[in-house]
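Here is how the chains run, residue by residue.
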Amino acid sequence: MEIKYIVRKTGQIQSEVPPAEKMLKFLYHHPFGRTAILPLVKQKIVSDWYGRKMYKKSSVKKIKSFVDTLKIDMSESEKDMDDFSSFNDFIFRRLKTGARTIEDGLVSPGDGKIIAFENVADIREFYIKGQPFTLEGFLRNKELACSFENSSIFILRLAPNDYHRFHFPYDGIPSEPVKIKGHYMSVSPYALIKDFGRVFCENKREYTILSTAQKGQILISAVGATMFGSIMNTFDPYTKISKGQEMGYFAFGGSTIVMLIEKDHITIDQDIIQNTKKGFETYVKMGERIAL
């Protein structure tokens, strides 16, 4: 399986080779890995154990090889490479002021690879394997699921080399986060293509509803993953926020942001829609417009 995506700024098709690629293939595509090892890996205790290791001072020795291997642009970072106190401190590093431009319209909440559907029901045709994806299963709230049943959906996947802070996509007033307990399956395409519904309806996640003046209600959900389970919020609920303001960050690795928006309130940028229909993710950066 080759993971291909389109770099929006250039239109080029590139391939992604995720860290631990062989292990991901084994866990999600090999019968023994899927039935015997995966149930252990997705447990909270495993992610918590690895997360603690990434907070230790000794973990800083991993930073340079990680940066070199994944070609991370450290010129955007507030801190120099020698100034981090741990590997996790590096992972959720802040960027320099002005490193990202906040554009007009609805913007991407983070750096990563995005797919979008004008109607959430279209996911069932795109990911046909495994457990079906339903809003009720994802939100664990039947009434809320019904209120977003005619929504558009964005799924932004952060890879380990991406900037790991996420931001508000529009001006508004955010609610208190609602936390949903769950497992820690990978959000790599190796896992998603095998069972999209299971990953997003079983993983640890939380959501916040952003009330806006022009776009109605926007549901923003941060989803945890294997070794990347920690979701930290940095905003004050029920306080007016500005588009591009920091919302939170993921500890070690990468994960996913899911957004639901009433489809009558937005027009998704057509390049993202067309790329999704062709089976490609689109690489975007935080603050880049994704819809009007």
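In this text the structure is predicted, and so the values were computed from the model without any measurement.

1. Observations concerning the sheet that holds strand 12 (residues 246–250)
Taken in spatial order, the 3 strands line up as 6-12-11 in an open sheet, and their pairing is antiparallel. A strand with exactly one partner marks an edge of an open sheet, and here the two such strands are strand 6 (165–167) and strand 11 (231–233). Ignoring strand direction, the axes of neighbouring strands in this sheet form an average angle of 25°. For strand 6 and strand 12, the ladder comprises 3 bridges, and the chain directions are antiparallel. The residue bridging Arg165 from the neighbouring strand is Tyr249, located in strand 12.

2. Describing the environment of Ser77
Looking at the element boundaries, Ser77 is found in the loop between helix 4 (63–70) and helix 5 (87–91). Using a relative accessible area of 3% as the deciding quantity, one classes Ser77 as buried. Note: C-alpha distance between Ser77 and Phe90 (13 residues apart in sequence) is 9.2 Å. If we ignore the near neighbours within four places in the chain, the residues touching Ser77 are Phe84, Arg93, Arg94, Leu95 and Lys96. Among the polar contacts listed, one links the side chain of Ser77 to the backbone oxygen of Lys79, at a separation of 2.8 Å.

3. Regarding the packing of aromatic side chains
All told, the structure shown has 8 aromatic pairs when counted by the stated rule. Where Phe92 meets Tyr249, the ring centres are 4.4 Å apart and the plane angle is 40°; that geometry is what we call tilted. Separated by 157 residues along the polypeptide, Phe92 in the loop between helix 5 and strand 3 (106–107) and Tyr249 in strand 12 bring together distant segments of the chain. The exposure class assigned to Tyr249 is buried, which follows from its relative accessible area of 13%. Between Phe168 and Phe235, the ring centres sit 5.2 Å apart and the planes meet at 85°, which makes this aromatic pair edge-to-face. Here Phe168 is found in the loop between strand 6 and strand 7 (173–174), whereas its partner Phe235 is found in the loop between strand 11 and strand 12, with 67 residues between them in sequence. Overall, Phe235 belongs to the buried group, its relative accessible area being 8%. Stacked on the ring of Tyr5, the Lys or Arg Lys113 has its end atom at 4.6 Å from the ring centre.

About the cut-offs
- Residues numbered from 1 in each chain as written.
- Predicted model: local features only at pLDDT ≥ 70, side-chain atom pairs only at ≥ 80, totals over all residues.
- Heavy atoms only, no water.
- Pairing = 2+ DSSP bridges.
- Helix = DSSP H or I, 4+ residues; strand = E, 2+ residues; numbered from the N terminus.
- Axes fitted to C-alpha atoms, helices over the stretch in contact; angles between N-to-C directions.
- Buried < 20%, exposed > 50% of the residue type's maximum accessible area, 1.4 Å probe, protein only.
- Contact = heavy atoms within 4.5 Å.
- Polar contact = N/O pair within 3.5 Å; in protein donor to acceptor, adjacent residues only side chain to side chain.
- Phe/Tyr/Trp six-rings, centres within 6.5 Å; stacked < 30°, edge-to-face > 60°.
- Lys NZ or Arg CZ within 6 Å of the ring centre and 35° of its normal.

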